[in-house]
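For reference, the chains in residue letters:
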Amino acid sequence: MTTTPLTTLEAVESFAPDRVVPIEELAERLRLRPTKVRLFRRIHGLQEIRFDPELSLYDVVLPAARRIVAGPGVAERIRYVVYAHTTQAVAPAHIDPAQEIRNRLGLKHAEAFAVSQQNCASGMAAVDAAGQLLRAEGGPGDRALVVTGEQAYSPKIQLIPDIAIMGDAAAACLVGLDGAGDAVRSYTTRTLGEYSAAMLLDEEKSLEVSTVYAPVLAEVVREAVEQAGMTLDDIDRIIPHNVNLQSWRQTIAELGIDRSRVFLDNVGRYSHCFASDVFLNYTTLRDAGGLRDGHTYVFATVGLGATFAAMVVTHRASGAAQEAA
C-alpha cells in the first residue's frame with residue numbers, strides 16, 4: 001500500500017527592511033486622525049512597521065530567497081518558483097515578476113508563476129500548490145521555491161481602514177516531499193465569496209465580515225487540526241498573521257485557548273506584511289529558540305475577500321539540520 005508523500009518545508013527564511021517607522025509618522029501619509037492613530041496603537045497593538053520607499057520590490061523580495069538558493073546543491077534541484085503576492089499589480093504590466101524573481105536568482109531552468117487570488121492567504125496556498133505539483137510531476141529530489149513579499153507602495157494599499165497598516169517584508173520557503181524538514185500535516189482553506197469586494201464592501205457587508213471573522217477563523221483552525229488527526233491540546237503554538245491584536249483576542253476566545261499559545265509579539269513590531277506574516281513569525285520564533293523539535297504548530301491567516309486558511313506543521317529541527325549539512 002502506497003502512502004501520499006508529505007509536503008515538507010526544507011528551509012524557511014525571511015527579510016524585513018532596516019528602516020523602522022512608528023505608526024504616528026504615517027498619520028499624514030495615510031490621512032489618519034489622532035483618534036485613528038490611538039485606535040491602531042491602543043486597541044490593535046500596532047507600534048511600528050518596516051517601511052522603506054527607497055528600496056525596489058526586488059530589494060525586498062530577493063534577500064530571503066537568495067539565502068535559501070545559496071545552500072549547497074539547492075539551486076539545481078528547484079523545479080518551480082512560485083511567487084505569492086497580495087497586490088494584483090506589483091510590477092509594470094510588461095514585467096512578469098515571478099519570472100523576474102526566477103531569473104535574478106539564477107534559476108532559469110525552473111518554471112515560474114504567481115499565486116495571488118487568495119490575497120494574504122496566498123503564501124500558504126503557494127506552499128500547498130508547490131507540494132501538489134511535486135507530487136504530480138516532480139522527480140526524485142525536486143524542490144519548489146515559494147517566495148512571498150511586496151511593498152506598501154501606495155497609501156491605498158497600505159491602509160485597511162480601522163483594521164491594519166501594511167508593512168514591507170518578504171519570505172521564502174524551500175518545499176520538498178518526504179524530506180527531513182518540517183512536515184505539513186494538513187492544510188485547510190475556506191473562502192466566503194460574498195465578501196469578495198474586500199475594501200469596497202458597503203457598511204452592512206463590512207459589519208458582517210467583522211461578525212463572522214473570528215468564529216470562521218477558529219473553525220478553520222480546528223478543522224486543520226482535526227484533519228491532521230490531532231486536537232488543540234496537541235498544538236504547541238499558533239503562528240498567526242499580524243493583522244491586529246483585537247482580531248486575535250476574539251479568535252483566541254472562540255478557540256478557548258490561553259493567549260500565550262498564540263505568537264503575537266510581532267504584531268507591534270512589524271504589523272501586517274501582506275502574505276509574509278506567518279513565515280516571518282516562524283523565523284522569529286525559530287531564531288529565538290522558540291520552536292521545539294517534534295512539536296506541532298499551526299499557521300493561521302486570513303486574506304481579504306475573504307479567505308481563511310490554516311496549516312498544521314510538525315517542526316523537525318534536527319532532521320532539517322542533517323539534510324542541510
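As shown above, the structure is provided for reference.
Residues numbered from 1 in each chain as written. Predicted model: local features only at pLDDT ≥ 70, side-chain atom pairs only at ≥ 80, totals over all residues. Heavy atoms only, no water.

Q: Describe the pattern of salt bridges, listing the residues and the values that go with them.
A: A full pass over the atoms with the stated rule returns 10 salt bridges. The partner of Arg-190 in a salt bridge is Glu-219, and the shortest N-O contact between them spans 2.7 Å. Taken together, the residues span a long stretch of sequence, with Arg-190 in strand E10 (residues 182-191) and Glu-219 in helix H7 (residues 203-227) at a distance of 29 residues. Residue Arg-190 is classed as partly exposed on the basis of its relative accessible area, which comes to 27%. Of the charged contacts, one joins Glu-223 and Arg-190 as a salt bridge, the two residues approaching to 3.3 Å between their closest N and O atoms. Residue Glu-223 is located in helix H7, and its partner Arg-190 is located in strand E10; the two are separated by 33 residues in the primary sequence. Judged by relative accessible area, which is 35%, Glu-223 ranks as partly exposed. (Salt bridge = Lys/Arg side-chain N within 4 Å of Asp/Glu carboxyl O. Helix = DSSP H or I, 4+ residues; strand = E, 2+ residues; numbered from the N terminus. Buried < 20%, exposed > 50% of the residue type's maximum accessible area, 1.4 Å probe, protein only.)

Q: Please provide a residue-by-residue account of the nonpolar core, values included.
A: Within the largest apolar cluster, 52 residues are counted, with the highest numbers of intra-cluster contacts made by Ile-165, Val-221, Ile-238, Trp-248 and Phe-308. Ranked by residues supplied to this core, first place goes to H7 with 9 residues. In terms of nonpolar packing, the next biggest core, distinct from the first, is built from 32 residues, Cys-173, Ile-239, Phe-279 and Tyr-297 among them. (Core = buried A, V, L, I, M, F, W, Y, C linked by side-chain atoms within 4.5 Å.)

The analysis is restricted to geometry; functional conclusions fall outside its scope.
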